[in-house]
Amino acid sequence: MGFMRRFNGFVLAGLVFALAVLLVGAECGEQAEATKVGEVTQTTEVATEAPTAAPAETKEATEAPTATPEPTQEPTEAPTPTPEPTEEPTEAPTEAGSEPESYAVGDIIEISDFALVALGWETVTHDLFQPLEGNQFVAVELVLVNQDDSPAAVSTLLQMSLKDSTDQQYTLDIGAQSSVTEGSPDGELAAGEKIRGKIGFQIPEDASGLVFVFEPNLLGAGKVFIELGDSPISLDPPAELPGEIAPEAFAPGDIVKIGDFTLVVNSVESSAGSDFLKPAEGNEFVIVDVTLENTRDESVAVSSLLQMSLKDETGLYYAVNLLAATAAGGTTPDGELAAGEKLRGQVGFEVPSDAEGLLFVFDPNIVGTGRAFVALD
């Protein structure tokens, strides 16, 4: 239980960090308009069913001409009903125009300085965290790209929510988020950087008509509404989103000067864990050995939990896993550094064994902009 309390503290610290970054980088903006610019291709199963239904309609189309010669006798009466059946379909959209425009799972949307796509949603459970009676935990998967030429901050707590058919709003739920194995899409994004993650919510079991809401500007106007559908769905992430640019990455062994630090990634190794501490099936521990030096003339604090992370080529974020470093017999580089002091330590992460394009991310300023990326592959 002590570990879980610490874990909750780490989650809350991350949220406070995102809030601080967002408040520092927030700017008043005008009304942001959303635009659909593409969509993620559907799964192969869906694609193969469509052609099967197509031929059936083709047969009926060939029979239609056979029936056409008979109605030819009353051509004058046919036009009469035709103008009435117009039924004013053009007026229906006008009345519905008061409703905000919504998008679907898989739609690639641009709004303000972001490109985003919701890949789906799922129900999630946890051994320790339980929803209230009659409720359930759900998680929405999202991919975001910062299309601006300067850093931008993203906060699941302040910019993302759910609504149901009754217009009831649901915000980030700590228990639900703790039930998600993947990280949440929070923090600073460099120009062109992509982030992928899942956002946890607690909703009634009978809630329907779920809509995911994203608000790009904390102090501006404009929202994106994405209808999630009645059943869980999951799409593969797109290879690339509009405006995406791979961040400049250093290599292990490079001496990287950033902020008040110099950073060196000394080595990287994977681990199957120890006899008592093992990653989940299909995962592995990745241990990053780093050395940090304080270049200021006064002491500074270092926190591996708040300043270090891992990302893969899909933008998926992995937080520090304390058990991974412990299983490898290492010690995390945490604590206060005196002026000019160096500190070496091992930072552990748990990632899928097939994860590719891993980047070690170091953020020298908990509140501020600028990060260093080191390619581990």
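Residues numbered from 1 in each chain as written. Predicted model: local features only at pLDDT ≥ 70, side-chain atom pairs only at ≥ 80, totals over all residues. Heavy atoms only, no water.

## Regarding a negative patch on the surface
We count it as follows: Nonpolar side chains (Val, Leu, Ile, Met, Phe, Trp, Tyr) are joined into patches within 5 Å and like charges within 9 Å, using only residues with over 30% relative accessible area and no salt bridge. Surface exposure here means Shrake-Rupley accessible area, sampled with a 1.4 Å probe, where a residue is shielded only by the protein chains that are shown. When a carboxyl oxygen of Asp or Glu lies within 4 Å of a side-chain nitrogen of Lys or Arg, that pair is called a salt bridge. In this count, Lys and Arg are taken as positive residues and Asp and Glu as negative ones, while His and the chain termini are left out. For this purpose, a charge sits on NZ of Lys, CZ of Arg, CG of Asp or CD of Glu. Secondary structure counts use DSSP, requiring at least four H or I residues in a row for a helix and at least two E residues in a row for a strand, with both numbered from the N terminus.
A surface patch of negative charge is lined by Glu313, Asp354, Glu356 and Asp377. Note on placement: Asp377 falls in the segment after strand S23 (372-375).

## Things to note about the sheet that holds strand S8 (residues 169-170)
Within a sheet, adjacent strands bond to each other through the backbone by hydrogen bonds, running parallel or antiparallel. Here is the rule: Whether two strands pair comes down to DSSP finding at least two bridges between them.
Here five strands make up an open sheet; going across it, the order is S2-S12-S11-S7-S8 and the pairing mixed. Strand pairing shows two members of the sheet lacking a second neighbour, strand S2 (102-104) and S8, which therefore form its edges. Across three bridges, the pairing between S2 and strand S12 (residues 224-227) is parallel. Considered in S12, the bridge of Ala104 is made with Glu227.

## Some points on the pattern of salt bridges
To be explicit about the condition: Partly exposed describes any residue whose relative accessible area lies between the buried limit of under 20% and the exposed limit of over 50%, with all areas from a 1.4 Å probe on protein chains only and scaled to the type maximum.
Enumeration according to the criterion identifies twelve salt bridges in this entry. Across the pair Lys198 and Glu122 runs a salt bridge, and its minimum N-O distance is 2.7 Å. Here Glu122 lies in strand S4 (residues 114-124) and Lys198 lies in strand S10 (residues 194-204), a separation of 76 residues in the sequence. Since its relative accessible area comes to 9%, Lys198 is described here as buried. For the salt bridge of Arg371 with Glu193, the shortest nitrogen-to-oxygen distance reads 2.3 Å.

## A word on the nonpolar core
As a reminder of what qualifies: The definition of a nonpolar core used throughout is a set of buried Ala, Val, Leu, Ile, Met, Phe, Trp, Tyr and Cys residues joined through side-chain atoms within 4.5 Å. Here a residue-residue contact requires only that any non-hydrogen atoms of the pair lie within 4.5 Å.
Core analysis: the largest hydrophobic core is formed by 40 residues, its most contacted members being Leu144, Leu162, Phe201, Phe212, Phe214, Ile226 and Leu228. Going through the elements one at a time, strand S3 (107-111), S4, strand S5 (135-146), strand S6 (152-154), strand S7 (160-163), S10, strand S11 (211-214) and S12 are the ones with two or more residues in this core. If you tally residues by element for this core, the top one is S4, at seven residues. Beyond its immediate chain neighbours, meaning those up to four positions away, Leu162 contacts Val138, Val140, Gln168, Gln169, Tyr170, Phe201, Ile203, Val211, Phe212 and Leu228. Residues Val256, Val286, Val288 and Leu376 belong to the second largest nonpolar core, which totals 27 residues.

## Considering the sheet that holds strand S14 (residues 256-258)
Note the threshold: To get an axis, fit a line to the C-alpha atoms, keeping to the stretch in contact for a helix; angles then go from 0 to 180 degrees between the N-to-C directions.
Taken in spatial order, the four strands of this open sheet run S14-S15-S16-S21, and their pairing is antiparallel. Since the sheet does not close on itself, it has two edges, and those belong to S14 and strand S21 (342-352), each with one partner. Each adjacent strand pair in this sheet contributes to an overall mean axis angle of 35°, direction not counted. Pairing of strand S15 (residues 261-271) with strand S16 (residues 283-294), which is carried by ten bridges, proceeds in the antiparallel orientation. Among the inter-strand pairings, Ser267 is bridged to a residue of S16, identified as Asp289.

## Observations concerning unusual backbone geometry
Within the chain, Ser112 stands out as a residue other than glycine whose phi angle is a positive 55°. The residue Ser112 is located in the loop between S3 and S4 in this model. Phi is positive for Asp167, which is not a glycine, with a value near 70°. Examined against the element boundaries, Asp167 turns out to sit in the loop between S7 and S8.

## Overview of the side chain of Ser271
Where we set the bar: Under this definition, polar contacts are N or O atom pairs within 3.5 Å; protein pairs additionally need one hydrogen-donor-capable and one acceptor-capable atom, and for neighbouring residues in sequence, both atoms have to be side-chain atoms.
Locating Ser271 in the fold gives a position in strand S15. By relative accessible area, Ser271 is classed as buried at 16%. At a separation of 2.9 Å, a polar atom in the side chain of Ser271 contacts the main-chain amide nitrogen of Gly273. The residues contacting Ser271, other than those within four sequence positions of it, are Pro279, Glu284, Phe285 and Ile287.

## So, the confidence of the model for the protein
Going by this rule: Known as pLDDT, the predictor's per-residue confidence is scaled from 0 to 100.
Residues of the protein with pLDDT of at least 70 account for 77%, and the chain-wide mean is 82. Note that pLDDT drops below 50 for residues 15-28; the model gives that stretch 26 contacts with residues more than four away or on any other chain.

## Observations regarding the packing of aromatic side chains
Selection rule: Two aromatic rings, drawn from Phe, Tyr or Trp (for Trp, its six-membered ring), form a pair once their centres lie within 6.5 Å of each other, and the interplanar angle then sorts them: stacked below 30 degrees, edge-to-face above 60, tilted otherwise.
Tallying each qualifying case throughout the model produces three aromatic pairs. Ring plane angle 70° and centroid distance 6.4 Å describe the contact between Phe349 and Phe360, whose orientation is recorded as edge-to-face. One end of the pair, Phe349, is in strand S21; the other, Phe360, is in strand S22 (residues 359-362), and eleven residues separate them in sequence. The exposure classification of Phe349 matches that of Phe360, with both residues buried.

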